[in-house]
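# Coordinate analysis (summary)
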Amino acid sequence: QVQVVESGGGLVQPGGSLRLSCAASGSLFSINVMSWYRQAPGKERELVADITSGGTTRYADSVKGRFTISRDNAKKTVYLQMNSLKPEDTAVYYCNYGFAYWGKGTLVTVSS
């Protein structure tokens, strides 16, 4: 059974930084893409960033230049470094492996 667990969320002031981590356990085969999604109150879940096994990255326009996604295949972990955070970044952030396995989410609140 595959389990995916996010961590690192919390309260941060505008302009601050957080790093989210997502660790997976269980049988994972041919996982090409690892992704971070987020869902703000009253909004649809959206793709924030993803990364392929070869290291190719993709970002939503709203976070480009501020967020960085990375992965450690040996640790079965994907990270999201978030800098220059804005109030509009407030959301529950979800990790996804291979468009198949989801974490339960971690809340990020950006507020003074």
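In what follows, the accompanying structure is described.

## Overview of the pattern of salt bridges
This model, assessed by the stated rule, comprises five salt bridges. In this structure, the salt-bridge partner of Arg38 is Asp89, at a minimum N-O distance of 3.0 Å. Placement of Arg38 in strand β4 (residues 33-39) and of Asp89 in the loop between β8 (77-82) and β9 (91-97) is noted, with a sequence separation of 51 residues between them. For Arg38, a relative accessible area of 5% corresponds to the buried category. Of the charged contacts in the structure, one is a salt bridge between Arg58 and Asp50, with a shortest N-O distance of 2.6 Å. A relative accessible area of 47% means that Arg58 is categorised as partly exposed. Judged by its relative accessible area of 6%, Asp50 falls in the buried class.

## Digging into the state of the cysteines
With the rule as written, the count across this model stands at one disulfide. Two residues, Cys22 and Cys95, share a disulfide whose sulfurs are 2.1 Å apart. Given an S-S torsion of about -90°, the disulfide between Cys22 and Cys95 has left-handed geometry. Of this pair, Cys22 sits in strand β3 (residues 18-25) while Cys95 sits in strand β9; the two residues are 73 residues apart in sequence, bridging distant segments of the chain. The buried category is assigned to Cys22, whose relative accessible area is 0%. With a relative accessible area of 0%, Cys95 lands in the buried category.

## Quick word on the pairing of strand β5 (residues 46-52)
Pairing between β4 and β5: six bridges, direction antiparallel. When the bridges of β5 are listed, Ser35 appears paired with Asp50. Counting the residues that bridge the hairpin from β5 to strand β6 (residues 57-59) gives four residues, and of these Gly55 lies at a positive phi of roughly 95°.

## Concerning the environment of Arg45
Note on placement: Arg45 falls in the loop between β4 and β5. Classification of Arg45 as partly exposed rests on a relative accessible area of 36%. Considering only alpha carbons, one finds Arg45 and Ser17, 28 residues apart in sequence, at a separation of 22 Å. Filtering out sequence-adjacent residues up to four positions away, Arg45 remains in contact with Tyr37, Arg38, Gln39, Tyr94 and Trp102.

## What to know about the pairing of β3
If a strand is regular, its side chains alternate between the two faces of the sheet. Of the pairings in the sheet, the one linking strand β1 (residues 3-7) to β3 comprises five bridges and is antiparallel in character. Looking at β3, one finds that Val4 is bridged to Ala24. As paired elements, β3 and β8 share six bridges and run antiparallel to each other. Following the sheet pairing, Ser21 is matched in β8 by Tyr79.

The rules behind the values
Each residue is numbered by its place in its chain's sequence as written, counting from 1. In keeping with the predicted nature of the model, local features appear solely for residues at pLDDT of at least 70, side-chain atom pairs appear and are counted solely at 80 or more, and the whole-chain, interface and lining totals rest on all residues. Side-chain figures throughout are based on the complete set of non-hydrogen atoms in the structure, without hydrogens or water. Criterion for a salt bridge: a side-chain nitrogen of Lys or Arg within 4 Å of a carboxyl oxygen of Asp or Glu. Secondary structure elements follow DSSP: runs of H or I of four or more residues count as helices, runs of E of two or more count as strands, with numbering from the N terminus. Buried means the residue's accessible area, taken with a 1.4 Å probe over protein chains only, is under 20% of the maximum for its type, while exposed means over 50%, and partly exposed covers the values in between. Put simply, a disulfide is two cysteine sulfurs that come within 2.5 Å. Think of it this way: DSSP has to see at least two bridges between two strands before they count as a pair. Here, residues are in contact when the closest pair of their heavy atoms is within 4.5 Å.

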